[in-house]
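Chain by chain, the residues:
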Amino acid sequence: MAWIGIIVGTFAGVFSAVAAYALYALPLWYSLMLYPTVGTTSAILTILVMIHLPPGLRPMAQPHRDELRGTA
């Protein structure tokens, strides 16, 4: 789930920085500050949404060895 959050956060940050500079004519320093702000926020929100999904809709992952053996 974290990888999906990182990917979504990266694309959201890049898109917001480029759109702020090109479409809204914001200063370059402001656009560069949007990248980590929007990227981090969207990554955290993506992970939180995926945690609250029903078990059948969550991304599949391989169980760890400890989970297979039932030991701590």
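In what follows, the accompanying structure is described. Here the structure is a predicted model, which is why all the values come from computation and not from measurement.

**Some details on the packing of aromatic side chains**
By the definition in use, this model includes one aromatic pair. Geometrically, the ring pair formed by W29 and Y30 is edge-to-face, given 5.7 Å between the ring centres and 85 degrees between the ring planes. Assessed through its relative accessible area of 58%, W29 is described here as exposed. Residue Y30 is classed as partly exposed on the basis of its relative accessible area, which comes to 38%.

**Concerning helix α2 (residues 28–51)**
The end-to-end C-alpha distance of α2 is 35 Å, a good match for the 34 Å that 24 residues give at a rise of 1.5 Å each. The complete set of buried residues in α2 reads S31, L34, G39, S42, A43, T46 and M50. Buried-residue contacts for α2 involve α1 (2–22).

Definitions and limits used
Residues numbered from 1 in each chain as written. Predicted model: local features only at pLDDT ≥ 70, side-chain atom pairs only at ≥ 80, totals over all residues. Heavy atoms only, no water. Phe/Tyr/Trp six-rings, centres within 6.5 Å; stacked < 30°, edge-to-face > 60°. Buried < 20%, exposed > 50% of the residue type's maximum accessible area, 1.4 Å probe, protein only. Helix = DSSP H or I, 4+ residues; strand = E, 2+ residues; numbered from the N terminus. Expected span 1.5 Å × (residues − 1). Contact = heavy atoms within 4.5 Å.

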